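Letter by letter, the chains look like this.
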Amino acid sequence: MRAVSIHETGAPDVLRLRDVEDPQVGESDVLVAVTYAGVNFLDIQQRRGLYPVPLPFVPGVEGTGVVVEVGSKADPTLLGARVSWFTGRASYAERVVLPANHVIRVPDGVDDTLAAAILGQGVTAYYLTSAVYPVTASTVALVHAAAGGTGRLITQMIKHAGGTVLAVASTPAKCEIARAAGADHVFVADAVRDPDLSQLARQVMDISGGVDVVFDGTGTPTLNASIRSVKQRGTYVLYGTSGGGIDSIPLAPLRERSLFFTFPRVNDHVREPHEIEYRAQACFDLLAGGTSIFSWMLRTTFPMRPPHTVPSKRVRRQARCCSCHSGHESGSSVCRSSTYNDAQ
């Protein structure tokens, strides 16, 4: 079969479309003909070598497809079903093997492209706002990178619950995206004029008196300002470090106001099959419920193309410009497998 594989880490140029061996189906697995693979930020980090993976490897943790083979101990009714996944591997391929209890049936009325695009970021935003810090109508939250994929969804989910959002973005244009997502107040994080973001923290405190919770996927650049923006006994949720890793956490300011600090990982909140299913189903329910959540997510679709053993220029070009690589645009990209026509 064909797959986009990586034999060395680096820039998007390391992505190559090659012939690889067909995956083997275990007794508790399913074989899925991939229709679309989601382009996930984790894929980019693995390709760059920031999250080491044994080489060579096929990237891709999420996608959508049709089950074409079922292991002897897997649910036989999955055969022929349209399914999605967000905890897999090797999804940039024509076929992928997945644990049967890690795939989610795609509801009627949800097309394959959107199903492939929403679950990774959607489940992240959902568990952060429902399990890590359950938001309510009285919640006042500070959301960093609020125009990005996860930040924008967090903003929408807080507003869906009736809460108040103070949103931070890196440019005025991105602030308008956050405002369109429902943010009540927006701030530009100007790293040139306000390098430690102390002015930002003062503005947040002036408006809110201290927020109940900070949702921060950035890390080092926003750490101190985030801590200064939280009210007494408030919560700081650091769910990512896209702006740089954090070597140490300053304990004194946490102690001064009895703050709660947590650094959750999505894998720890989808460890059991029932957690995978109900968190994914919650996203599908929001999609089907007529809200604007997820309606903006699918930005572009692009194919994996032959010839088999030469660079796939379209895939590499898309990897350069997709939102999770460059940070210049909001929305998700999905890669269409060459099995697409056969699966329809």
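Up top you'll find the structure we're talking about.
Residues numbered from 1 in each chain as written. Predicted model: local features only at pLDDT ≥ 70, side-chain atom pairs only at ≥ 80, totals over all residues. Heavy atoms only, no water.

Peer 1: Which parts of the structure should I look at to understand the overall build of the protein?
Peer 2: For the protein, the helix and strand inventory stands at 11 helices and 15 strands. Counting across all 344 residues of the protein, residues that qualify as buried make up 50%. The long-range share in the protein, meaning contacts at least 24 apart out of those at least 6 apart in sequence, stands at 68%. As presented, the protein carries roughly 15400 Å² of accessible surface, and 49% of it is formed by carbon and sulfur atoms. (Helix = DSSP H or I, 4+ residues; strand = E, 2+ residues; numbered from the N terminus. Buried < 20%, exposed > 50% of the residue type's maximum accessible area, 1.4 Å probe, protein only. Contact = heavy atoms within 4.5 Å. Areas by Shrake-Rupley, 256 points an atom, 1.4 Å probe, with all protein chains shown as cover.)

Peer 1: I tried to follow the nonpolar core on my own but got confused; where do I start?
Peer 2: One recurring pattern in soluble globular proteins: nonpolar side chains tend to sit buried together. Ranked by internal contacts, the top residues of the largest apolar core, which has 44 residues, are Leu119, Phe215 and Phe294. Contributions of two or more residues to this core are made by α2 (112-132), β8 (140-143), α3 (149-160), β9 (164-169), α4 (172-180), β11 (211-216) and α8 (273-288). A total of nine residues in this core trace back to one element, the largest contributor, which is α2. Once residues lying within four places of it in the same chain are set aside, the contact partners of Phe215 are Leu128, Thr129, Tyr133, Val135, Ala141, Leu142, Val143, His144, Ile154, Ile158, Val237 and Tyr239. Counting residues in hydrophobic clusters, the runner-up holds 18 residues, among them Val168, Phe187, Val204 and Tyr236. (Core = buried A, V, L, I, M, F, W, Y, C linked by side-chain atoms within 4.5 Å.)

Peer 1: It is not clear to me how the pattern of salt bridges should be interpreted in this structure. Could you clarify?
Peer 2: Tallied over the entire structure, the rule returns nine salt bridges. Here Glu27 and Lys73 are joined by a salt bridge, their closest N and O atoms 3.4 Å apart. Of this pair, Glu27 sits in the loop between β2 (15-19) and β3 (29-38) while Lys73 sits in the loop between β4 (63-70) and β5 (82-85); the two residues are 46 residues apart in sequence, bridging distant segments of the chain. A residue is classified by how much of its surface remains accessible, and Glu27, at 43% relative accessible area, is partly exposed. Owing to a relative accessible area of 60%, Lys73 belongs among the exposed residues under this scheme. The closest approach of N and O atoms between Glu176 and Arg179, which form a salt bridge, is 3.5 Å. (Salt bridge = Lys/Arg side-chain N within 4 Å of Asp/Glu carboxyl O.)

Peer 1: Hey, could you run me through the side chain of Thr139 in this one?
Peer 2: If you trace the backbone, Thr139 turns up in the loop between α2 and β8. A relative accessible area of 3% means that Thr139 is categorised as buried. Here Thr136 takes part through its backbone nitrogen, which lies 2.9 Å from a polar atom of the side chain of Thr139. Once residues within four sequence positions are removed from consideration, Thr139 is found in contact with Tyr133, Pro134, Gly163, Thr164, Asp212 and Val213. (Polar contact = N/O pair within 3.5 Å; in protein donor to acceptor, adjacent residues only side chain to side chain.)

Peer 1: Before we go on, may I ask you to explain the pairing of β3 in this structure?
Peer 2: On a regular strand, one side chain projects to one face of the sheet and the next to the other, so that they alternate. In terms of burial, β3 is a largely internal element, 10 of the 10 residues being buried. By the bridge criterion, five bridges tie β3 to strand β6 (residues 95-99) in an arrangement that is antiparallel. Among the inter-strand pairings, Val32 is bridged to a residue of β6, identified as Val96. Pairing analysis gives seven bridges linking β3 to β4, with the strands arranged antiparallel. (Pairing = 2+ DSSP bridges.)

Peer 1: Where do I start with unusual backbone geometry in this structure?
Peer 2: With glycine set apart, most residues show a phi of negative sign, and most peptide bonds adopt trans. Across the junction of Leu55 and Pro56, the peptide omega takes the value -10°, indicating a cis bond. Assignment of secondary structure puts Pro56 in the loop between α1 (41-48) and β4. One non-glycine residue, Ala90, lies in positive phi territory at about 60°. Along the chain, Ala90 turns up in the loop between β5 and β6. In this structure Ala90 comes out as partly exposed when scored by relative accessible area, which is 25%.

Peer 1: What exactly am I supposed to notice about the environment of Ala167 here?
Peer 2: Within the element layout of this structure, Ala167 appears in strand β9. Through-space distance from the C-alpha of Ala167 to that of Ala178 is 6.6 Å; in sequence the pair is 11 residues apart.

Peer 1: What is the right way to read the sheet that holds strand β12 (residues 230-238) from this model?
Peer 2: Note on sheets: strands pair through backbone hydrogen bonds, and any given pair is parallel or antiparallel. Across the sheet, which stays open at both edges, the six strands sit in the order β10-β9-β8-β11-β12-β13 with parallel pairing between neighbours. Edge positions in the open sheet fall to β10 (185-188) and β13 (260-262), since each of these has one partner strand only. Going from strand to strand, the sheet's axes swing by 15° on average, the running direction of each strand aside. Two elements, β11 and β12, share five bridges in a ladder whose sense is parallel. Bridge pairing links Val211 to Val230 in β12. (Axes fitted to C-alpha atoms, helices over the stretch in contact; angles between N-to-C directions.)

The analysis is restricted to geometry; functional conclusions fall outside its scope.
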